[in-house]
Every structure is written in C-alpha cells, then in structure tokens.
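# Close look at the chain arrangement
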Amino acid sequence: MKLSSKLTKLLAIILPILVLVSCIDEDDNGNVIEGNNSIVNYFQKNEDYSLFLEAITKVGLAGTLDGNSGTYTIFAPNNEAMNAYLQANEYSSIDDVPEDKLYELVTYHILESLNKKENFVTGYFKTLATTMINDSTEVNLSLYVNSENDTVEFNGSTSIVNPDIETDNGIMQQVSSVLDLPTMKTFLDADVNLHPFYEALNTTGLATDFNTYISGNNNPKLLFVPNATAMQTYYEDEGVTDASELPADKLDNMLRYNFVKKGALSSTFVNQYKPTLGSETFSGENYPLSVYISTNLGLMLNGTSRVVIPDIVTINGIIDVTDTFLSLPTLTDFVSSDNDLTTLLAAYSREDQAGELYLERLSEEIGSTDTPYTLFAPTNEAYANVLLELFPTQDASIDTIPTSQMTHILNLHLVNNQNLRINDISQGNILTEGGNITVNANGTLSDEQERTSTFIKNNIQATNGVMHTIDTVLLP
C-alpha cells in the first residue's frame, strides 16, 4: 500500500511536466521556440485577417507585434471590414492606400495597455497613432469608448464582435469595422456629452458653416466644448429650450468664440490671451475676440469656465471640454480674470470709486455712450512700483492712494469711444478721461512727468473695446 501511494504521488508530479515538455515547439535544428502565439502569429493562422496583416506588414509593424510578451490591445477588423473600408475610400487594394495614411490607420487600432472588453469604461483612450498639432509637436490621437450598453462601441461607429482573443504579447478585440482617423466631428457626434453643442453648431440660419471647421482636415485648432450640463444651464438662464430660439447672429459669434486659431496641449498653457474665431462687431474690421486662459487653479477660461476634460486629440485639432458655455467677453471680464491685473481690479472696486462705475461701464454693450473703450492696464508689478515711488517710507497698498488721486490715475488709463489697437497708436497725444498721455517715437507711453510705460500684451480684444497691459502706472 505504501509503495502504491508513493507511485501515485510521483506520477502526479511527473505527468504535468511531461505534458508541458511535449507542448514546447522546436525548430528543425532542435532549438526551443518559447512562444508561437503572438499577435502576428494569430493573424498568420487565421486567413480572415489577411488584409489587416498585410497592412501591418506593409507599414513595418510586423516585428513590433511579433513577440513572446507585451501589453498591446489590438482592434482587429477582418477581411470583410477591411474590404468595406477600401471600397468606401475608393481603394482597390491595400497597396493603393498612401503609406503614411496606412501607418496612421494601423497604429490607430493599437493601444499600449491590455484592455479586456469588461474593463473598457466610457471615456477617451490614447492610441499609438499620432498627429502634428503644430510645426514641432506630435501627439497621440484619441479614441472614444462608450461602454454604457452591453456592446462596447468606439467612436460611435465600431463595436467589439469577438472579444478578448488572448495572445502572447497582448489581447485582440475583433471589431465590426475599420476605425477611421477621427476629426472633431467624429467625437462631437459620438459623445453624448457633447451632443448639445454639436446640435447648436448645426442650427439653421447660422452664417458660419461650422461643419467645415470640425470635419475638414485643415490647420489644427483648439475647440472649447461645453458639456451637456453647461449647455442646458445656459439655455435655462436665457429662458429658451434650445439654440434655435437664440438670435442667430449672437449664437454664431458665441460658437465661433469657442474656436481658438491654433491648437495646443493643456500642458503647454500659461496665463495668456489667445485669439479666437469670434470677432467684435462694431469696427467693420472683425478683429478676433480674445480669451484669457489661466492655469493658477486648474485650467480656467475668462475666470468663469473650467476645463474638465482636456486634450481630446483629433487629426484637425484638440477638444477641451468645459463646464460653462463661454460668454462673449467684455473688458470687465478680462480685468476680473487676469491674474496680473488683480491690483487694478482692487482699485476699480474701492468703495470710494463706486461712483465712477468703472466695472459697470467696462461691461457695457457696444452702442452705449462711451463705448468702445481703450484700456491701458497697468500690471500688479506696475502698481507695486508706483506705490514705492509715491510712498517710499511706508508699507503702502492700493487703498493708501487718496480718493481723488486714485480717480485721476484710473481715468488717465481709459479712453472713450475708441478701439485703439496697437497699429492705430501713432506718435503724438492720446486724450484719455484723465487728460493727455504721449505716444513716443519708440512706441512707449509717457505721462506729463515724462515717466515712460512700455506695452506688455497688446490687442486684447473684447466686444466693447480693446485692452493693452503696460509695465508702469501713468500719473496725472
């Protein structure tokens, strides 16, 4: 009995080893092949993926996807799906697809992380495909996943039909169709959270053809898209049910105001102004409206709108999702949000300056008595320096300046009924509310004491005027 028991235990140990050894493949010379089920091996063994394998091979990625280990997720279209793509794009074969486009297409079907079907959550993923957003910056294209239903969908057009095919170096998800490279329109159409803004872009009667902005493969741009909650809140505040009830000209300009002319990643932002595709409407020149981007407390726009989902990358730009529909800006919006103008804001907000109505006037719509305004806005550093100059022996603040002097200083930096952009400012005198200031031959400003101020940021355009920040406070 004891001998029989020992033999049973020994066989229990040896048999699994023999099975394992018998499963190890060898080549013709007897060398051990450690794995033969890579992604490429799988495609080679399954003729139904021959076209996708042909594309992988043509762009030089067969070696990358042929290994014993890895964490790739491959979205694999079969031959039927590949043929449908080729036919839709008027290609007779894989060889007709331009190699650079084919490379982008193949890499758009690859993630660097392992993702089983059950692990996909609704949101945006980075693929291996890249695009240039400017002359020097290349970033990964995004992929939108919707897992709200039992069928996991990608970009609103493709779904998993055969999930979780495991290989030595990753996992494959057979998909129902080829994933085309995404434009802004792709995600605006696919992501239900962005639908209300997309519907607004398609409102009947708008002067701008926004579909050319969001679907064309033109210069990459940046688009701020308010989420569904933000759009609903805006409609409620305006007392309407949807965009069709808003004045078409105002809506058109507001929608254009959400487009920034040049694309950029959120990580590259500093406190800065950027020109948008929105424009002022009073000069006849359609100067681009500015948007102020602040990075001090997250990513904020004009001090009121927060970026909640940054850097959704497409082939024609970047989408940043916001929690507020951006209003067209007034000068007050810029003074109130600019981190370099907090001292100026404090001066305007002093109780003894309330009668001057600075912030109220700088928020007036165009057409009121004194609009448009030109504002020369001294920075915080400029005010700190003038306080040292005026009160060298005491620890002074903006509240230390006497009432009448404060009013004179603020008036000296404000021009009525003119939108003086930097190219409009020529040598000579400018009449402000507080008297004359001088434009020097070198483009600087001087007060009557011949104190000189240099421009820092120019042409910050609002709907009711223009602002320039300056490095020195001008004194009466």
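This structure is a prediction, so every number in the text was calculated from the model and none was measured. (Residues numbered from 1 in each chain as written. Predicted model: local features only at pLDDT ≥ 70, side-chain atom pairs only at ≥ 80, totals over all residues. Heavy atoms only, no water.)

### Comments concerning the overall build of the protein
A count of helical and extended segments in the protein gives 15 helices and 24 strands. A compact globule built from 476 residues would reach a C-alpha radius of gyration of about 23 Å, whereas the protein, at 31 Å, exceeds it by more than 25%. The principal-axis extents of the C-alpha atoms in the protein amount to approximately 110 × 60 × 45 Å. Taking as baseline every contact in the protein between residues at least 6 positions apart, the subset at least 24 positions apart corresponds to 64%. (Helix = DSSP H or I, 4+ residues; strand = E, 2+ residues; numbered from the N terminus. Rg over C-alpha atoms; globule rule 2.2 N^0.38 Å. Contact = heavy atoms within 4.5 Å.)

### Things to note about the sheet that holds strand β3 (residues 72-77)
Judged by pairing direction, the sheet is mixed, and its seven strands sit side by side in the order β4-β3-β9-β8-β7-β6-β5 without closing on themselves. Of all strands in the sheet, those bounded by a partner on one side alone are β4 (110-111) and β5 (123-132). Sheet topology note: the strand β6 (residues 138-146)/strand β7 (residues 153-154) ladder contains two bridges and is antiparallel. Residue pairing across strands places N146 opposite E153, the latter belonging to β7. (Pairing = 2+ DSSP bridges.)

### Things to note about the layout of surface pockets
Put simply, the largest pocket is a space of about 500 Å³. Contributing to the lining of the largest pocket are 20 residues, with K250, N253, L328, E365 and T463 lying nearest its centre. Those elements that provide at least two residues to the lining of the largest pocket are α9 (228-238) and α10 (248-257). The dominant element in the lining of the largest pocket, judged by the number of residues it contributes, is α10, at six residues. Considered as a void within the structure, the second largest pocket measures approximately 220 Å³ in volume. As for the second largest pocket, its lining consists of 14 residues, and the residues nearest its centre are N155, S157, K185, T186 and D189. Of the residues forming the lining of the second largest pocket, the biggest block, four residues, is contributed by helix α6 (residues 184-190). (1 Å grid on protein atoms, 1.4 Å probe; cavity = no way out; pocket = protein on both sides within 12 Å on 5 of 7 lines; lining within 4 Å. Points joined across faces, edges and corners; volume = space filled by probe spheres on them.)

### A few points about the sheet that holds strand β24 (residues 465-470)
Strand order in the open sheet formed by four strands is β18-β17-β24-β23, with mixed pairing between adjacent strands. With one partner strand each, in any of the chains shown, β18 (414-415) and β23 (455-462) form the two edges of the open sheet.

### Concerning the packing of helix α3 (residues 50-58) against helix α4 (residues 79-88)
Contact geometry for α3 and α4: axes closest at 7 Å, N-to-C directions at 65°. When the interaxial angle is binned, α3 and α4 end up roughly perpendicular. Residues S50, L51 and F52 of α3 form the contact with α4, whose own contacting residues are N79, M82 and N83. For the contact of α3 with α4, the class distribution of residues is three nonpolar, three polar and no charged. (Axes fitted to C-alpha atoms, helices over the stretch in contact; angles between N-to-C directions. Parallel < 35°, antiparallel > 145°, perpendicular 65-115°, else oblique. Nonpolar A, V, L, I, M, F, W, Y, C, P; charged D, E, K, R; others polar.)

### Here's the deal with the environment of Q232
Checked against the element boundaries, Q232 lands in helix α9. Look at Q232 and you get partly exposed, because its relative accessible area is 39%. Spatially, the C-alpha atoms of Q232 and F325 are 9.4 Å apart, while their sequence positions differ by 93 residues. (Buried < 20%, exposed > 50% of the residue type's maximum accessible area, 1.4 Å probe, protein only.)

### Brief notes about the pairing of β6
Counting buried residues along β6, seven of its nine residues qualify, which places the element largely inside the surrounding structure. Where β5 hands over to β6, the hairpin turn is made up of five residues, counted between the paired strands. Linking β6 to β7, which pair antiparallel, is a turn of six residues.

### Examining the nonpolar core
Counting residues in each nonpolar core, the largest one holds 95 residues, and the members touching the most others are F154 and M467. Sorting elements by how many residues they give to this core places β6 first, with five residues. The residues touching F154, leaving out its near neighbours within four places in the chain, are F75, F120, L143, Y144, V145, I160, V175 and L179. Counting residues in each nonpolar core, the second largest holds 29 residues, with Y42, F43, Y91 and I165 among its members. (Core = buried A, V, L, I, M, F, W, Y, C linked by side-chain atoms within 4.5 Å.)

### Examining the pattern of salt bridges
Evaluation of the coordinates by the stated rule reveals 10 salt bridges. Where R361 meets E433, a salt bridge forms, and the shortest distance between an N and an O atom there is 2.2 Å. Of this pair, R361 sits in helix α13 (residues 358-361) while E433 is found in the loop between β19 (428-432) and β20 (435-439), placing the two residues 72 residues apart along the sequence. Judged by relative accessible area, which is 26%, E433 ranks as partly exposed. When the shortest N-O distance is used, the salt bridge between R451 and D447 registers 2.8 Å. Judged on exposure class, the residue R451 and its partner D447 are both buried. (Salt bridge = Lys/Arg side-chain N within 4 Å of Asp/Glu carboxyl O.)

### A closer look at the side chain of N78
Here N78 lies in the loop between β3 and α4. Relative accessible area serves as the criterion here: at 12%, N78 is assigned to the buried category. A polar atom in the side chain of N78 sits 3.0 Å from the backbone nitrogen of A81. With near-sequence residues (within four places) excluded, N78 lies in contact with D48, Y49 and Q174. (Polar contact = N/O pair within 3.5 Å; in protein donor to acceptor, adjacent residues only side chain to side chain.)

Remember that the coordinates give geometry; whether it matters functionally is a separate question.
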